[in-house]
Amino acid sequence: MLDQALETIGLVWVLYSAYRLYDALALWILPAVPLTRYQKNGPFESWALVTGASAGIGLGCAQELALRGFNVVLCGHDVDELEDARALIESECRLRRLKGDIAVRLVVLDAAASSAPQVQAAVDGLADLDVTVLVNNTSGLPAQQQQQQQQLLREMSVDDVDATIDLNARFMARLTRLMAPALARNGPSLVLNVGSSTTTAAGSEPGSAVYSAAKAFVASFSRALAREMKAEGASSLRRHDPPRGRISRFGVYTYSRALGSIGRADTLNRPTL
């Protein structure tokens with residue numbers, strides 16, 4: 001009897017350890033996603049909306065999407081940086097002899113300070129575009145906290161807490177909600193939510209409680225939304241919802257990676273549910 005109990009405990013421990021190993025490796029060994037399935041009528045007929053697109057991962061995503069045949073909407077808070085990003089993308093496409101085909105549009109929006117009506121107005125301004133890809137990349141620390149990268153919760157003001165949540169979670173959720181009807185209508189569509197290694201137990205550090213929690217929201221939001229879209233695609237939809245089958249092809253992914261440089265193709269081709 002004791003032997004059986006010990007064997008059961010040992011089996012449970014092995015399975016749990018295997019799961020933990022898989023969970024750690026899944027961050028690095030992720031399946032490729034063919035982007036051509038999100039192009040409705042060939043190259044440069046569909047649009048991709050990328051937030052936080054003036055630099056870093058967001059700009060890298062926008063560059064790669066443009067080179068792979070998507071028109072791009074660059075969303076950011078600094079118009080000069082967005083203009084520089086547009087010039088860079090157009091110059092790269094010119095080198096690839098794609099300049100005559102690519103279209104780049106700018107949306108100036110401060111994720112940490114934009115109200116719901118402002119986000120709605122920005123989305124309404126894209127009504128004439130066939131957007132099939134949404135990259136929610138905007139994240140980080142609000143401007144007033146950037147000089148002090150790590151800050152204990154008791155040292156943060158209430159405004160700092162709100163701004164961090166707005167920048168990393170609320171803006172992403174609002175934008176995804178407002179873009180969802182167009183993405184479903186134009187489907188198959190893709191939502192790529194950029195995550196963070198701080199959502200893991202090993203990645204969470206003192207001084208990043210609110211930021212880590214906001215990024216954990218992004219991961220949970222993505223998983224739940226993916227299941228929600230799958231469930232709605234398999235059930236009867238109300239009259240004003242998109243046709244059956246559209247939502248079921250509306251992919252939702254999160255992308256997380258530890259510190260280090262991230263290649264453009266790597267960022268796009270390695271999402272995970």
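Coordinates for the structure precede this section.
Residues numbered from 1 in each chain as written. Predicted model: local features only at pLDDT ≥ 70, side-chain atom pairs only at ≥ 80, totals over all residues. Heavy atoms only, no water.

Draft legend 1. The arrangement of the pattern of salt bridges in detail. Going through the model one piece at a time under the given rule, you end up with four salt bridges. Across the pair Arg 68 and Glu 64 runs a salt bridge whose closest N-O atoms are separated by 2.6 Å. Residue classification places Arg 68 among the partly exposed residues on the basis of a relative accessible area of 33%. Between Arg 86 and Glu 83 there is a salt bridge; the shortest N-O distance is 3.0 Å. Here the residue Arg 86 and the residue Glu 83 both occupy positions in helix 3 (residues 79–95), the gap between them amounting to three residues, near one helical turn. (Salt bridge = Lys/Arg side-chain N within 4 Å of Asp/Glu carboxyl O. Buried < 20%, exposed > 50% of the residue type's maximum accessible area, 1.4 Å probe, protein only. Helix = DSSP H or I, 4+ residues; strand = E, 2+ residues; numbered from the N terminus.)

Draft legend 2. A look at helix 2 (residues 56–67). Compared with an ideal rise of 1.5 Å per residue, which puts 12 residues at 16 Å, helix 2 spans 17 Å between its outermost C-alpha atoms and is within 8% of the ideal. In terms of burial, helix 2 is a largely internal element, 10 of the 12 residues being buried. Among all positions in helix 2, only Gly 58, Leu 59, Gly 60, Cys 61, Ala 62, Gln 63, Glu 64, Leu 65, Ala 66 and Leu 67 are buried. Just beyond helix 2, the residue with positive phi is Gly 69, at close to 100°. (Expected span 1.5 Å × (residues − 1).)

Draft legend 3. Just the pairing of strand 1 (residues 47–51), in detail. Counting buried positions along strand 1 gives five out of five residues, so the element sits mostly inside the fold. Of the two faces of strand 1, the one carrying Trp 47, Leu 49 and Thr 51 and the one carrying Ala 48 and Val 50 are both buried. Relative to strand 2 (residues 71–76), strand 1 runs parallel, the two being bridged by five bridges. Paired with Thr 51 across the bridge in strand 2 is Cys 75. You can see the chain leave strand 1, run along helix 2 and come back into strand 2, and the turn it takes is right-handed. (Pairing = 2+ DSSP bridges. Right-handed = clockwise from strand over helix to strand, strands pointing away.)

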